[in-house]
Amino acid sequence: MAADLQAKYTKLAQEYSKLRAQNQVLKKGVVDEQASSTSLKDQVKQREQSLRKVEQEMDSLTFRNQQLAKRVELLQEELAASEAKGKKSKNKGDSPSRQGSQQTQSVFDEDLQKKIQENERLHIQFYEADEQHRQQEAQLKGRLEELEIDHEQHQARVDGLASKYMDTIERLQSDKARLEVKSQTLEREAKDCRVWTEECQQQLRKCQSELNRQVKKSSSVIQEKVPFNDTKFSDYNSLNVPPHNRRHQLKARDVAGQALGFVQDLVAALLNFHSYTEQRVHIYPLDSSIEPISPLNQKFSQYLHENAAYVRPLEEGLVQLHQSITEDTVTVLETVGKLKNFADHFTSYTHFLQKILPYQLKSLEEECGTPLCTSSLTSKNQELQSDMKRITSVFDKLHSYISLLALPSVRQDSMPQSSSSAVFTQLAACLHSLHDAVKEMSTHYSQKASLEQELSTITQKLRTTNECLLASLGSLTSSTGKIATFFSNNLDFFTSSTGYSPRGGAGALNPLQAESMLGNKKKASDYMHAIRKPRPESVPYREALLNRRVLTSSTESREGLTQQVVASQEKIARLEQEKEHWLLEAQLGRVRLEKESQRIQDLERQLSSALGGGGCPALTSLEDGEVEERGAGKEAMLSTSLVGMLTTTPTNEEVGDEESREQLIKTHYMARVGELTTQLQVSDSKAVNFHAECRALAKRLAIAEKSRETLTEDVKLANQNITCLQDELATTKRSYKEQLSMMSDHLCSMNETLSKQREEIDTLKLGSKGNSKLLKKGR
């Protein structure tokens, strides 16, 4: 599980680094596009200016070309006239005519130059006057448009106000008519109410008289019929079962469910706050020359790493409290035993805050002592120190009030019911103080983070941690505000009377009485459920008798069979003994038969030697029969008893039957004793080996038990680490999601700006193309 979490975390970090690289590329592209767009705008402006200059030059050149064309025509005409005159005066001298033509030509040239200069000056004056006229006309047109727009706006406002006033007048007129109708209806209803009041008074008089009569009658019946009034004395009345307020129970369960939701949000916010604080302690140093983490901060980080062990039980305790409040229970301070568990968990968390407070203050002091800490950061750290002290003191007050509220469920008469409303009021005020303190700390920390953003040595990791820490403080502020508002809105319910009291209305509810009442109620409900439960069908009487006879006969037959089995077992044991005896006798008889056969063989050998080797067929057949009998005798049955099988070796000596029998039995039993001794030694050696193996297995079992215990503790620690890692992963995922959403929004906005800039560039390009076409056409 931890490897999967580490792989997922690594994958998220890789994706985040890719997105950061892409973001840098996009930023660079945006900057380049902005620079290109500004350069394009400058080029467009320059081209427009050059275009205006070219248009002016073109106009002046056109005018000059026209003047020069006219002048050329005049000169051509004068040239033609001079040529005609030259032909007439050919006879005259050349020099005087040339001198006269040169003089006239120079005069014409000077005149032409002056005219050209004068035309240029007039053209320039005309162009400047035209441009000034155009500018004034454009200014006047813009002013006219602005005045028209203002006129339209004022006219729209006047029209709106007129319509609004007309609507108001119409509404007031309709309201006036409706109120007149309503006043008339109210007058009629008032008349009807007077009549109905008189009738009700008459009925009330009748009811009072009837009730007085019934009270007198009931009093007389009580005095005559009721010998003992158990509500008269408080000692007797305390034994009565109080009535059950179901509506109060439903409201209490609803309020507990809402409080559970708010506390779950608070627990999540506290977990995130402590986790991000631990991360900041690890990564705070802004300079690489500074030691990464001091021993004090390392100890502080270890304590912060244990925050889940103190924060999680708050949610679990409130869940148990919510589960203990049901519709069928009595919910008052004296009967809510689970509130004591929640108070104990809150006490442990308060002690945890008190334990880490000195480390928090010292850590902020170390931050102030770093070379890169400015005076503004030092002031913000001092404000955060005061905020942390204030929050710890507020949690201490909350712990005191919650412990006071949980005290009546443990010890009777520990706190009067009249004081509980004051405790609830102080608790609500303390919750509001907690919300204010957390809000103020969030503001100070936001200012501190903004100051750290301005430092040049801040890392991206610290920037991200600050953002996550600010987000957790925001959620903590929101959850504490919700809890304070919820408690203030339900303060009347907490301080109101529960409605649980003994009959007669006097006195308060004793926890023991509530316990007994709930126990009796449960017994009554179980009894009603039991009597309403359908009973199984009973067996008919005749069938029951028949079954009893069958059972009796089967019992008797079982006893008889048991006796028969015992007798059979005894008989089998006796037969086994007889079998052993006859097997031994059979072995002895076989030994005797072998001896007799050996003796007969000896006699036959002696007889054959005495007869000289001759024999008769009858004797041969007899010998064959004896040999077969000996062979059959040798194939004796093997015994499976402890006595075993007797074996003999042929001997040439003649011994008596008794001695040979005793000797054979002795030899057989000695051999059997030797075999049993060998088996016993083998069994002893095996038992010793088994004993050694058992001892080794016992040692291994003890080692395995110890390893199992250590592994169990390791598994618990691993589970705690997994929960912490899951919390860290959830917070990291949430922060990454927030950052990705912010980056996606930023990218969307950048894309929109890029698209707008591209559209502007396209429009400028189209405009420049149109202007170039106009220039070409003008040329």
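Note that this is a predicted model, so its numbers are computed, not measured. (Residues numbered from 1 in each chain as written. Predicted model: local features only at pLDDT ≥ 70, side-chain atom pairs only at ≥ 80, totals over all residues. Heavy atoms only, no water.)

(A) A look at the overall build of the protein. Helices and strands together make up the secondary structure of the protein, namely 15 helices and zero strands. Across the 779 residues of the protein, 24% fall into the buried class. Put simply, the protein shows about 55200 Å² of open surface, and 55% of that area lies on carbon and sulfur atoms. (Helix = DSSP H or I, 4+ residues; strand = E, 2+ residues; numbered from the N terminus. Buried < 20%, exposed > 50% of the residue type's maximum accessible area, 1.4 Å probe, protein only. Areas by Shrake-Rupley, 256 points an atom, 1.4 Å probe, with all protein chains shown as cover.)

(B) View of the side chain of T347. Its place among the elements puts T347 in helix α7 (residues 338–369). A distance of 2.7 Å separates a polar side-chain atom of T347 from the backbone oxygen of A343. (Polar contact = N/O pair within 3.5 Å; in protein donor to acceptor, adjacent residues only side chain to side chain.)

(C) Spatial organisation of the nonpolar core. Counting 69 residues, the largest nonpolar core has L339, Y349, F395, L398 and L405 as the members making the most contacts within it. Mapped by element, the contributors of at least two residues to this core are α4 (246–283), α5 (295–305), α6 (308–324), α7, α8 (375–406), α9 (417–453), α10 (460–489) and α11 (491–495). Ranked by residue count, the leading element in this core is α4, at 14 residues. F395 has contacts with F346, Y349, T350, L353 and L434, leaving out every residue within four places of it along the chain. (Core = buried A, V, L, I, M, F, W, Y, C linked by side-chain atoms within 4.5 Å. Contact = heavy atoms within 4.5 Å.)

(D) How the structure looks around a nonpolar patch on the surface. Together, L161, Y165, M166 and I169 make up a nonpolar patch on the protein surface, roughly 400 Å² of accessible area in all. Positionally, Y165 belongs in helix α2 (residues 94–225). Judged by relative accessible area, which is 51%, Y165 ranks as exposed. (Patch = residues over 30% accessible without salt bridge, like charges linked within 9 Å, V, L, I, M, F, W, Y side chains within 5 Å. Salt bridge = Lys/Arg side-chain N within 4 Å of Asp/Glu carboxyl O.)

(E) A look at the environment of I325. Summarising the element assignment, I325 is placed in the loop between α6 and α7. In sequence terms I325 and R253 are 72 residues apart; their C-alpha atoms lie 5.8 Å from each other. Discounting residues that sit within four places of it in the chain, I325 has contacts with Q249, A252, R253, A256 and T331.

(F) Spatial organisation of the state of the cysteines. Per the counting criterion, the structure on display carries zero disulfides. C193 takes part in no disulfide bond, and the closest cysteine sulfur to it belongs to C200, at a distance of 9.6 Å. For C193, a relative accessible area of 43% corresponds to the partly exposed category. (Disulfide = S-S within 2.5 Å.)

(G) The arrangement of the pattern of salt bridges in detail. Per the counting criterion, the structure on display carries 16 salt bridges. In this structure, D175 engages R178 in a salt bridge whose closest nitrogen and oxygen atoms are separated by 2.6 Å. In this pair, D175 and R178 are both assigned in helix α2, three residues apart and thus about one turn of the helix distant. Assessed through its relative accessible area of 49%, R178 is described here as partly exposed. A salt bridge links E452 to R280; the shortest N-O distance between them is 2.6 Å. Taken together, the positions of E452 in helix α9 and R280 in helix α4 put the pair 172 residues apart, joining distant regions of the chain. The residues E452 and R280 share a single accessibility class, namely buried. Residues joined in a network through salt bridges with shared partners are R280, E367, K448 and E452.

(H) Spotlight on the packing of α5 against α7. Where α5 meets α7, the axes come as close as 10 Å, and the angle between the chain directions of the two elements is 145°. In this structure, the crossing between α5 and α7 has a hand that is left-handed. Contact with α5, carried on its side by L296, N297, K299, F300, Y303 and L304, involves F352, K355, I356, Y359, Q360, K362, S363 and E366 of α7 and no other residues of that element. (Axes fitted to C-alpha atoms, helices over the stretch in contact; angles between N-to-C directions. Left-handed = near helix turned anticlockwise from the far one by under 90°.)

(I) Molecular detail of the confidence of the model for the protein. Here the protein averages 76 in pLDDT, while 78% of its residues score no lower than 70. Across the protein, the secondary-structure element scoring lowest on mean pLDDT is helix α14 (residues 617–634), at 42, and the one scoring highest is α8, at 90. A low-confidence stretch, residues 286–291 stays under pLDDT 50, and its non-local contacts, those more than four residues away or across chains, total ten contacts. The low-confidence segment residues 613–655, where pLDDT is below 50, has 38 contacts with residues more than four positions distant or belonging to other chains. (pLDDT = per-residue confidence, 0-100.)

(J) Summary view of the side chain of T480. Among the secondary structure elements, T480 is positioned in helix α10. There is a polar contact of 2.9 Å between the side chain of T480 and the backbone oxygen of T477. Sequence-distant contacts of T480, that is, excluding residues within four places in its chain, are made with L266, L434, H435 and V438.

(K) Local environment of the packing of α4 against α5. Contact geometry for α4 and α5: axes closest at 9 Å, N-to-C directions at 160°. Judged by the angle between their axes, α4 and α5 are roughly antiparallel. As α4 packs across α5, the resulting crossing turns out to be left-handed. On α5, the residues that touch H274, T277, E278, V281 and H282 of α4 are N297, F300, S301, L304 and H305. Residue composition of the contact of α4 with α5, by class: three nonpolar, six polar and one charged. (Parallel < 35°, antiparallel > 145°, perpendicular 65-115°, else oblique. Nonpolar A, V, L, I, M, F, W, Y, C, P; charged D, E, K, R; others polar.)

(L) Quick look at the packing of aromatic side chains. Taken as a whole and assessed by the stated rule, the structure comprises eleven aromatic pairs. With centroids separated by 4.7 Å and ring planes inclined at 25°, the aromatic side chains of F487 and F494 adopt a geometry described as stacked. Among the aromatic residues, those joined into a cluster by ring pairs are Y310, F342, F346, Y349, F352 and F395. Above the face of the F493 ring, K251 is positioned so that its terminal group lies 5.9 Å from the ring centre. K355 extends its terminal NZ or CZ atom over the ring of Y303, reaching a point 4.6 Å from the ring centre. (Phe/Tyr/Trp six-rings, centres within 6.5 Å; stacked < 30°, edge-to-face > 60°. Lys NZ or Arg CZ within 6 Å of the ring centre and 35° of its normal.)

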